[in-house]
Amino acid sequence: MLATILSGAVQGVDAIPVQVEVDLANGLPGCAVVGLPDAAIQESRERVRAALRNAGYEYPQRRATINLAPGDVRKEGPLYDLPIAIGFLVASGQLTPRDLPDTLLVGELALDGAVRPVRGVLPLVLAARDAGCRRALVPAGNAPEAGLVPGIEVHPVESLAQAAAVLAHPAAHLPLAPPRPPEALPSAADMPDLTEVRGQARARRALEIAAAGGHNMLLVGPPGSGKTMLAARLPGILPPLAHDEALELTRLYSVAGLLGGREGLVTTRPFRAPHHSVSGAGLVGGTAVPRPGEVSLAHHGVLFLDELPEFRRDVLELLRQPLEDGRVTVSRAQASHTFPAAFALIAALNPCPCGHRGDAGRACTCSEGQAARYWSRLSGPLLDRIDMHVAVPRLSEAELLDARPAESSAQVRARVSAARERQARRLAGRSGPRLNARMGPAEVRRHARLDQASQGLLREAVGRLALSGRAVDRLLKTGRTIADLAGEEAIAAEHLAEALQLRATLPAGER
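Residues numbered from 1 in each chain as written. Predicted model: local features only at pLDDT ≥ 70, side-chain atom pairs only at ≥ 80, totals over all residues. Heavy atoms only, no water.

1. Observations regarding the packing of helix α4 (residues 121-130) against helix α9 (residues 243-256)
Operational definition: Only the contacting stretch of a helix is used when fitting its axis, a line to C-alpha atoms as for every element, and angles between N-to-C directions run 0 to 180 degrees. Secondary structure follows DSSP: runs of H or I at least 4 residues long count as helices, runs of E at least 2 residues long count as strands, and numbering of each begins at the N terminus. Our angle categories are set so that under 35 degrees counts as roughly parallel, over 145 as roughly antiparallel, 65 to 115 as roughly perpendicular, and the remainder as oblique. Any pair of residues with heavy atoms lying within 4.5 Å of one another is described as a contacting pair. Classes in brief: Ala, Val, Leu, Ile, Met, Phe, Trp, Tyr, Cys and Pro nonpolar; Asp, Glu, Lys and Arg charged; the others, Gly included, polar.
Where α4 contacts α9, the two axes come as close as 7 Å, and the packing angle between them is 115°. Considering their axes alone, α4 and α9 lie roughly perpendicular with respect to each other. Contacts between α4 and α9 involve V121, L122, P123 and L126 from the first element and L247, T250, R251, S254 and V255 from the second. Residue composition of the contact of α4 with α9, grouped by class: six nonpolar, two polar and one charged.

2. Comments concerning the packing of aromatic side chains
Selection rule: In this scheme Phe, Tyr and Trp rings, the latter by its six-membered ring, pair at centre separations within 6.5 Å, and the angle between planes marks the pair as stacked below 30 degrees, edge-to-face above 60, and tilted otherwise. Note on classification: 1.4 Å probe, protein chains only; a residue is buried when its accessible area is under 20% of the maximum for its type, exposed when over 50%, partly exposed between these limits.
Counting across every chain of the model gives two aromatic pairs. Look at Y59 and F88: their rings are 5.1 Å apart centre to centre, the planes differ by 45°, and that puts the pair in the tilted class. Taken together, the positions of Y59 in the loop between α2 (44-54) and β4 (63-69) and F88 in helix α3 (residues 81-91) put the pair 29 residues apart, joining distant regions of the chain. Judged by relative accessible area, Y59 falls into the buried class, the value being 11%. Relative to F304, the ring of F271 lies with its centre 5.9 Å away and its plane at 25°, an arrangement referred to as stacked. Of this pair, F271 sits in strand β11 (residues 271-272) while F304 sits in strand β12 (residues 302-305), and the two are 33 residues apart along the sequence.

3. A look at the environment of R430
When you line up the elements, R430 lands in the loop between α17 (409-426) and α18 (441-447). Given the relative accessible area of 18%, R430 is considered buried. When sequence neighbours within four positions are dropped, the list of residues in contact with R430 reads R438, M439, G440 and E443.

4. Points about the pattern of salt bridges
Going by this rule: One side-chain nitrogen of Lys or Arg within 4 Å of one carboxyl oxygen of Asp or Glu is enough to make a salt bridge.
Using the criterion set out here, one finds 30 salt bridges in the structure. The partner of R129 in a salt bridge is D130, with the nearest N and O atoms 3.2 Å apart. Under the relative-accessibility criterion, R129 is labelled partly exposed at 27%. Between R415 and E407 there is a salt bridge, and its shortest N-O distance comes to 2.7 Å. R415 gets classed as partly exposed once you look at its relative accessible area, which sits at 30%. When salt bridges with common partners are traced through the structure, they connect E324, D384, R385, D387, R470, R474 and R503 into a single cluster.

5. Considerations on the side chain of E208
Mapped onto the fold, E208 is located in helix α7 (residues 201-213). We classify E208 as buried; its relative accessible area is 7%. Among all residues touching E208, those that are not within four sequence positions of it are I237, V412, R415, V416 and L485.

6. Quick look at the sheet that holds strand β16 (residues 388-391)
Cut-off, in case you're wondering: Two strands pair under a simple rule: DSSP has to find at least two bridges between them.
Spatial ordering of the open sheet is given by β11-β12-β15-β10-β16, a layout of five strands whose pairing is parallel. Every interior strand has two partners, whereas the edge strands, β11 and β16, have only one. Sheet analysis places β12 next to strand β15 (residues 344-349), joined by four bridges and oriented parallel. Across the sheet, the residue bridging to F304 is I346, located in β15. α7 rests against β10 (217-220) and β16 of the sheet, and its axis sits at about 160° to β16.

7. Brief notes about the nonpolar core
Here is the rule: As used in this record, nonpolar core signifies buried Ala, Val, Leu, Ile, Met, Phe, Trp, Tyr and Cys residues forming a set joined through side-chain atoms within 4.5 Å.
Core analysis: the biggest nonpolar cluster contains 61 residues, and I66, L82, I86, F88 and V125 have the highest contact counts within it. At eight residues, the largest contribution of residues to this core is made by α3. Setting aside residues up to four positions removed in sequence, I66 forms contacts with V20, E21, V22, C31, A32, V33, V34, I84 and F88. In terms of nonpolar packing, the next biggest core, distinct from the first, is built from 46 residues, A211, F304, L450 and L496 among them.

8. Regarding the confidence of the model for the protein chain
Cut-off, in case you're wondering: As a per-residue quantity, pLDDT reports the predictor's confidence and falls between 0 and 100.
A residue-level look at the protein chain finds 95% of positions with pLDDT of 70 or above and a mean pLDDT of 90. Note on residues 507-511: pLDDT is under 50 here. Beyond four places in sequence and across chains, it has ten contacts.

9. What to know about the pairing of β10
Here β10 shows two buried faces, one formed by M217 and L219 and the other by L218 and V220. Across four bridges, the pairing between β10 and β15 is parallel. Of the residues in β15, the one forming a bridge with L218 is A347. Direction of pairing for β10 relative to β16: parallel, over a ladder of four bridges. In the strand pairing of β16, L219 is matched with V390.

10. Examining α4
Side chains of residues three or four places apart in an α-helix project in the same direction, reflecting 3.6 residues per turn. Among the ten residues in α4, eight count as buried, and that is most of the element. Lining the buried residues of α4 we find β1 (2-11), β2 (14-25), β5 (103-105), β8 (135-139), α5 (143-146) and α9. Remark: G132 follows α4 within two positions and exhibits a positive phi of approximately 95°.

11. Quick look at the environment of P274
Within the element layout of this structure, P274 appears in the loop between β11 and α10 (280-284). Its relative accessible area of 12% is what places P274 among the buried residues. Counting along the chain gives 147 residues from P274 to A127, while the straight-line C-alpha distance between them is 31 Å. In contact with P274, other than residues within four places in its own chain, are L283, E294, L303, F304, L305 and F311.

12. A closer look at the side chain of H389
How we decide: Polar contacts here mean pairs of N or O atoms no more than 3.5 Å apart (in protein, one a potential hydrogen donor and the other a potential acceptor; neighbouring residues in sequence count only if both atoms are side-chain atoms).
Structurally, the position occupied by H389 is in strand β16. By relative accessible area, which is 1% here, H389 ends up buried. Only 3.2 Å separates the side chain of H389 from the backbone oxygen of I386, close enough to count as a polar contact.

13. Considerations on a negative patch on the surface
Definition in use: Note that patches include only residues with greater than 30% relative accessible area and no salt bridge, and the join distances are 9 Å for like charges and 5 Å for nonpolar side chains (Val, Leu, Ile, Met, Phe, Trp, Tyr). Surface accessibility follows the Shrake-Rupley procedure with a 1.4 Å probe radius. Residue values consider only the protein chains on display as shielding. Positive: Lys, Arg. Negative: Asp, Glu. His and the chain ends are not part of the count. Every charge is mapped to an atom, namely NZ of Lys, CZ of Arg, CG of Asp or CD of Glu.
On the surface, a cluster of negative charge is contributed by D451, E488, E489 and E494. Structurally, the position occupied by E488 is in the loop between α20 (469-485) and α21 (493-503).

This is the structure we're talking about:
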């Protein structure tokens, strides 16, 4: 007898329907799984056998063939345990379900029949709803994310027996209540606050500009000057996530298996700080079946790379595409997947190997050659994609002992939110983030026009600093953000001059 159960497979940040077909035939007892399964699916045969027996059901002593269709798509993970077990029950006549073709099933089985959470449930339920399914049975641990999808009944199940009971009598089991979009997502009240940062007026100003326009920033200074402290406070001055941004971020974290015990939506902007030993696949996504990397997990938030020259150069070069396009494409022999990666990059490094070049408090012990080799680990094209290069000097004695409270994150966040609202109105209708840093060349020409005085200043800067075309574009975007913070429609000479100062803080050989 043949049973067909609907499940799904995660493809990038989306999912496709998968038909789990279980056929029982006469012959020597055995079980074969076909349809490009990975090792975890091959092992599901033993998990399903033990789960059926320990849940009080009979494991059919017949020849079983399990097909995962379509057969040309690679399947991975233990999420097919539950549909395979239900397929055995239906094919052997131990379960007579209702509306089975309209029901999605996903879940990993423990040996005692308990249903464990799996990754990617949010895109799986979205795909099932779009395919016309009326009902989804998901592990209880995945219920918060599955419940975010309107238009489909979600039944959280904790065991194989409970799943069988829901399928046999769906009307006797109430689904989760339909989701209701929140009126407003929580702000960053519990994040580190800027009041804890002493001094560093220029770096604080650069942080505000980066938050307002979504710009990338390089912090250069000696050890202990506050670079990491500043970077950690950037999420706290960003406005709250919009609901569609939160849903997109939740889908990414669901695919990556990082939701854990979260209640539904990811409601705070991410701050990702990978170690400098991270691999290329870990940074931009990869493995045999591509999954989101750190750049995608930082989507709509901050990616912080501390001790930037310590990262492998080939790994850093992988940042070029996401910094330019706000997305990353991971290609493999069987498929190519694109993940969103619109983040603000904050990178920090010392000015030289010993960390004290240009430090008034301590003498540098590095030679010119050592300093040059240190900076040569960073390519020009990568530095060109970073909008602001900000010096973070050692704090003076007066700044260290100053007990006066600094401006809070809430005060800065109010100005940042107002500037972002201006950008959203100006860039209405464009796809993707409505931020100055994400403007294309045509949008830069339209919205970052300069008056005669500003044009003269830009010509002089291009000649003195040997700026590339990309650097000029990023300079104009930064100037546009500074004008937005000032509430001005036009980019004045003082706005462009400040953008130039933030771009040209480093010595000429290190810019």
